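Here are the chains, one letter per residue:
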Amino acid sequence: MEDCLFCKIVAGDIPADIVYQDADVTAFRDINPAAPTHILVIPNKHIAAINEASAEDQALLGKLLLVANQIAEQEGLAEDGFRYVINTGGHGGQTVFHIHLHILGGRQMDWPPG
Ligand code: 5GP
Ligand code: ZN
């Protein structure tokens, strides 16, 4: 999609520190990390928010989670634990309107979140 920052990262038009990419999914380090490890996992397909996904995206969303698991393992987060976050809409704190799963790790997370 034109004018979508994350579509441009998928296409290679904007540089990013990409840790994983295949035909369906791309993962890259967050430019403003909120934890020692902070990676965003996104579908290559433009979907603005998780609640705009449809039944045809079922396998894609499943793959997003499984790729995230693989990255968490590779980044050495699995033993101590980590957090997945999908901010959605205004109250959810979403600022980029292309689905992204945050992987946060390397420190103790607080609950409830801010
Ligand atoms: P949201 O607030 O929508 O859940 O998360 C958007 C995330 O994208 C933020 O954590 C922000 O730091 C990250 N971000 C915004 N612009 C860029 C960029 O150009 N490159 C990368 N790597 N991350 C970005
Ligand atoms: Zn997009």
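Heads up: these notes are all about the structure in this document. These figures come from a predicted structure and were not determined experimentally.

1. Considerations on the nonpolar core
Next, step 1: Val25, Ile39, Val41, Leu64, Ile71 and Ile103 are the most contacted members of the largest nonpolar core, which has 15 residues in total.
Next, step 2: Elements with a minimum of two residues in this core: strand S2 (25–29), strand S3 (37–43), helix H2 (58–74) and strand S5 (101–105).
Next, step 3: Here this core gets 6 residues from one element, more than from any other, and that element is H2.
Next, step 4: The next biggest cluster of nonpolar side chains, apart from the first, holds 9 residues, and it includes Phe6, Ile9, Phe28 and Val96.

2. Some thoughts on the site of ligand 1
Next, step 1: With respect to spatial proximity, 17 residues lie near ligand 1, and among them Asp30, Asn87, Thr95, His100 and His102 are the closest.
Next, step 2: One nitrogen or oxygen atom from the side chain of histidine 100 is found 2.8 Å from an oxygen atom belonging to ligand 1.
Next, step 3: Contacts to ligand 1 include histidine 102, whose side-chain N or O atom sits 2.8 Å from an oxygen atom.
Next, step 4: Starting from 520 Å² of accessible surface for ligand 1 in isolation, the protein chains cover 82%.
Next, step 5: Under a 2 Å grid-point criterion requiring more than half of the atoms, the pocket assigned to ligand 1 is the second largest pocket.
Next, step 6: Sorting the residues of the shell around ligand 1 by element identifies helix H1 (5–11), S2 and S3 as the ones contributing at least two each.
Next, step 7: Take the shell around ligand 1: its biggest share by element is 3 residues, from H1.
Next, step 8: Residues that form the shell around ligand 1 fall into these classes: 7 nonpolar, 8 polar and 2 charged.

3. Brief notes about the coordination of the zinc ion (ligand 2)
Next, step 1: On the protein side, the zinc ion (ligand 2) has Cys4 (SG), Cys7 (SG), His46 (ND1) and His98 (ND1) as donor atoms, found 2.0 to 2.3 Å from it.
Next, step 2: Seen from the zinc ion (ligand 2), its 4 donor atoms lie at angles of 106 to 116°, and the figure they make is tetrahedral.
Next, step 3: All donors of the zinc ion (ligand 2) come from a single chain, and their spacing in sequence reads C-x2-C-x38-H-x51-H. Taken together, the residues span a long stretch of sequence, with cysteine 7 in helix H1 and histidine 98 in the loop between helix H3 (89–92) and S5 at a distance of 91 residues.
Next, step 4: Since its relative accessible area comes to 11%, cysteine 7 is described here as buried.
Next, step 5: What makes histidine 98 buried here is its relative accessible area of 0%.

4. Thoughts on the sheet that holds S2
Next, step 1: In space, the 5 strands of this open sheet follow the order S1-S2-S3-S5-S4, with antiparallel pairing throughout. The outermost strands of the open sheet, each flanked by one partner alone, are strand S1 (18–21) and strand S4 (82–85). Along the sheet, successive strands turn relative to each other by an average axial angle of 15°, direction set aside.
Next, step 2: Pairing analysis gives 5 bridges linking S3 to S5, with the strands arranged antiparallel. Bridging from a neighbouring strand, valine 41 pairs with leucine 101 of S5.

Analysis parameters
- Residues numbered from 1 in each chain as written.
- Chains lettered and ligands numbered in written order.
- Predicted model: local features only at pLDDT ≥ 70, side-chain atom pairs only at ≥ 80, totals over all residues.
- Heavy atoms only, no water.
- Core = buried A, V, L, I, M, F, W, Y, C linked by side-chain atoms within 4.5 Å.
- Buried < 20%, exposed > 50% of the residue type's maximum accessible area, 1.4 Å probe, protein only.
- Helix = DSSP H or I, 4+ residues; strand = E, 2+ residues; numbered from the N terminus.
- Near = heavy atom within 4 Å.
- Polar contact = N/O pair within 3.5 Å; in protein donor to acceptor, adjacent residues only side chain to side chain.
- Areas by Shrake-Rupley, 256 points an atom, 1.4 Å probe, with all protein chains shown as cover.
- 1 Å grid on protein atoms, 1.4 Å probe; cavity = no way out; pocket = protein on both sides within 12 Å on 5 of 7 lines; lining within 4 Å.
- Sits in = over half its atoms within 2 Å of the grid points.
- Nonpolar A, V, L, I, M, F, W, Y, C, P; charged D, E, K, R; others polar.
- Donors = N, O, S within 2.8 Å, 3.2 Å for Na, K, Ca; no water.
- Tetrahedral: all angles 85-135°; square planar, octahedral: opposite > 155°, others 65-115°.
- Pairing = 2+ DSSP bridges.
- Axes fitted to C-alpha atoms, helices over the stretch in contact; angles between N-to-C directions.

Such coordinate-based values are descriptive only and should not be taken to indicate function.
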